[in-house]
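Understanding the architecture of this molecule
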Amino acid sequence: MKTLDAGASRHGSAVIKPVYVSNHVRGSAKYWLAILMLVIATVFWGLGNVAQKIALQDLAPEMLLFIRSVIALLFLLPLALWEIHERKLKLRVMVKHGGLLLLTALSFATGLAFQTHGGQLTSAINVGFLINLCVLITPLLLYFVFGEKINRLTFLSCFICFAGAVMLTGFNLQTPNAGDALCLGGAFFFAVWIIALDRTLKVIDAPILITALQFVPTSVVGLFLATPNGEIFQIDFSNLWPALLFISILSTCISFLIASYAQRLVKPVVAGMIYSFEALFGFISAYFLLGEGLSLIATIGGVMMFGSMFVCQYWASRTENRAA
């Protein structure tokens with residue numbers, strides 16, 4: 001069962017009632033459209049890692065964080081106001097679940113900030129693989145923090161994925177790569193975000209508003225860090241605007257918006273399995289557009305990471321379907 005805010009009742013107030021995601025829904029055209037939307041989001045994220053690497057050659061990471069967040073927020077704000085009016089969302093409902101909204105926004109903002117800073121210090125390929133560790137961190141958080149059961153295969157996948165990360169990045173205690181470490185931190189906060197977003201969507205059926213609110217903290221922090229000396233007015237955007245528009249509109253605004261919409265119909269374990277494809281699309285785009293390559297050991301590590309993430313999520317999906 002998946003509970004969602006049903007929006008406005010006949011009396012004009014937002015109510016909470018259960019919505020059952022049946023086998024019929026899972027086989028419907030809307031369900032497969034949601035699957036396609038998630039795949040498109042991973043394509044945008046994978047290509048966005050390349051565009052981010054290009055932009056960070058001329059921009060400080062906090063400046064990129066500020067620009068992408070402000071553009072996304074300005075793009076979403078009118079749509080969010082329309083959604084509030086259309087669904088007749090009440091302020092008391094937002095206040096009641098303010099803690100979940102705050103957790104969703106802050107975990108997303110922190111993860112995005114870590115990813116942006118880490119992207120300046122490591123390759124686009126590493127960013128794609130390491131950020132996707134959130135797929136395996138998520139079930140561990142669910143187990144240790146929320147007491148949800150996970151199978152032994154998940155633990156094994158986590159171990160294999162960690163070993164693959166070591167082989168991919170060359171990360172060790174003596175000479176840690178700061179960019180890789182930041183991306184690992186970003187993966188943790190994105191895992192928190194996946195859990196928080198899932199719970200928020202169950203009580204507030206307002207994906208546009210929730211997506212817009214996620215960019216408020218990053219905009220404020222970026223403004224505080226990037227503009228004290230008027231640095232934004234000293235940047236030549238003539239060569240940067242294609243990458244900035246792709247990052248801000250497609251890789252940030254549109255991708256996270258359609259992901260929020262799709263997660264209302266797709267179970268978290270299935271969504272997590274699809275999210276892992278960001279690493280694959282990121283690798284392909286970085287190889288052809290940036291000429292980034294991997295050594296044999298690093299390639300084996302990447303295959304181990306991707307394989308463990310896919311097997312873990314596929315098995316979890318099968319287990320859940322059998323239980324249903």
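Residues numbered from 1 in each chain as written. Predicted model: local features only at pLDDT ≥ 70, side-chain atom pairs only at ≥ 80, totals over all residues. Heavy atoms only, no water.

On to the packing of aromatic side chains, then. Under the defined criterion, the tally for this structure stands at 14 aromatic pairs. Aromatic side chains Phe108 and Phe256 sit 4.8 Å apart centroid to centroid with 85 degrees between the ring planes, which places their arrangement in the edge-to-face category. In this pair, Phe108 is assigned in helix 5 (residues 98-121) and Phe256 in helix 11 (residues 241-262), connecting sequence segments 148 residues apart. Under the relative-accessibility criterion, Phe108 is labelled buried at 0%. (Phe/Tyr/Trp six-rings, centres within 6.5 Å; stacked < 30°, edge-to-face > 60°. Helix = DSSP H or I, 4+ residues; strand = E, 2+ residues; numbered from the N terminus. Buried < 20%, exposed > 50% of the residue type's maximum accessible area, 1.4 Å probe, protein only.)

On to the pattern of salt bridges. For side chains of opposite charge, pairing can occur when their charged atoms come near one another. Evaluation of the coordinates by the stated rule reveals four salt bridges. Here Glu83 and Arg87 are joined by a salt bridge, their closest N and O atoms 3.6 Å apart. With Glu83 and Arg87 both in helix 3 (residues 61-87) and four residues apart, this pair spans about one turn of that helix. On the accessibility criterion, Glu83 (1% relative accessible area) is buried. Across the salt bridge formed by Asp205 and Arg87, the nearest N and O atoms sit 3.1 Å from each other. Taken together, the residues span a long stretch of sequence, with Asp205 in the loop between helix 9 (178-203) and helix 10 (207-226) and Arg87 in helix 3 at a distance of 118 residues. Judged by relative accessible area, Asp205 falls into the buried class, the value being 8%. (Salt bridge = Lys/Arg side-chain N within 4 Å of Asp/Glu carboxyl O.)

Locating Thr211 in the fold gives a position in helix 10. Of the residues examined, Thr211 reaches a relative accessible area of 0% and is grouped as buried. Look past the residues within four positions of Thr211 in its chain and what remains in contact with it is Leu76, Phe256, Leu257 and Ser260. (Contact = heavy atoms within 4.5 Å.)

Another point: the side chain of Thr104. Within the secondary structure, Thr104 is located in helix 5. Judged by its relative accessible area of 1%, Thr104 falls in the buried class. A polar contact is formed between the side chain of Thr104 and the backbone oxygen of Leu100, at a distance of 2.8 Å. A polar side-chain atom of Thr104 sits 2.9 Å from a polar atom in the side chain of Thr200. (Polar contact = N/O pair within 3.5 Å; in protein donor to acceptor, adjacent residues only side chain to side chain.)

Core analysis: the biggest nonpolar cluster contains 68 residues, and Leu38, Ile204 and Tyr275 have the highest contact counts within it. Considering each element in turn, this core owes the most residues, 11 residues, to helix 9. Every residue in contact with Leu38, bar those within four places of it in the chain, is listed here: Ala259, Ala262, Val266, Ala271, Ile274 and Tyr275. Grouped together as the second largest cluster of nonpolar side chains are 12 residues, Phe66, Leu240, Leu244 and Ile247 included. (Core = buried A, V, L, I, M, F, W, Y, C linked by side-chain atoms within 4.5 Å.)

Next up on the list: the environment of Trp82. Mapped onto the elements of the fold, Trp82 is located in helix 3. For Trp82, a relative accessible area of 48% puts it in the partly exposed group. Separated by 127 residues in the primary sequence, Trp82 and Leu209 place their C-alpha atoms 9.3 Å from one another.

All right, on to a positive patch on the surface then. Positive charge collects at one region of the surface, where Lys88, Lys90, Arg92 and Lys96 lie side by side. In this structure, Lys88 sits in the loop between helix 3 and helix 4 (91-96). (Patch = residues over 30% accessible without salt bridge, like charges linked within 9 Å, V, L, I, M, F, W, Y side chains within 5 Å. Areas by Shrake-Rupley, 256 points an atom, 1.4 Å probe, with all protein chains shown as cover. Lys, Arg positive; Asp, Glu negative; His and termini not counted. Charge placed at Lys NZ, Arg CZ, Asp CG, Glu CD.)

We now examine the packing of helix 6 (residues 124-131) against helix 9. Relative to each other, helix 6 and helix 9 sit at 35 degrees, their axes nearing to 8 Å. In this structure, the crossing between helix 6 and helix 9 has a hand that is right-handed. On the side of helix 6, the interface is formed by Asn126, Val127, Leu130 and Ile131, while helix 9 contributes Asp180, Cys183, Leu184, Gly186, Ala187 and Phe190. The class makeup of the residues in the contact of helix 6 with helix 9 is seven nonpolar, two polar and one charged. (Axes fitted to C-alpha atoms, helices over the stretch in contact; angles between N-to-C directions. Left-handed = near helix turned anticlockwise from the far one by under 90°. Nonpolar A, V, L, I, M, F, W, Y, C, P; charged D, E, K, R; others polar.)

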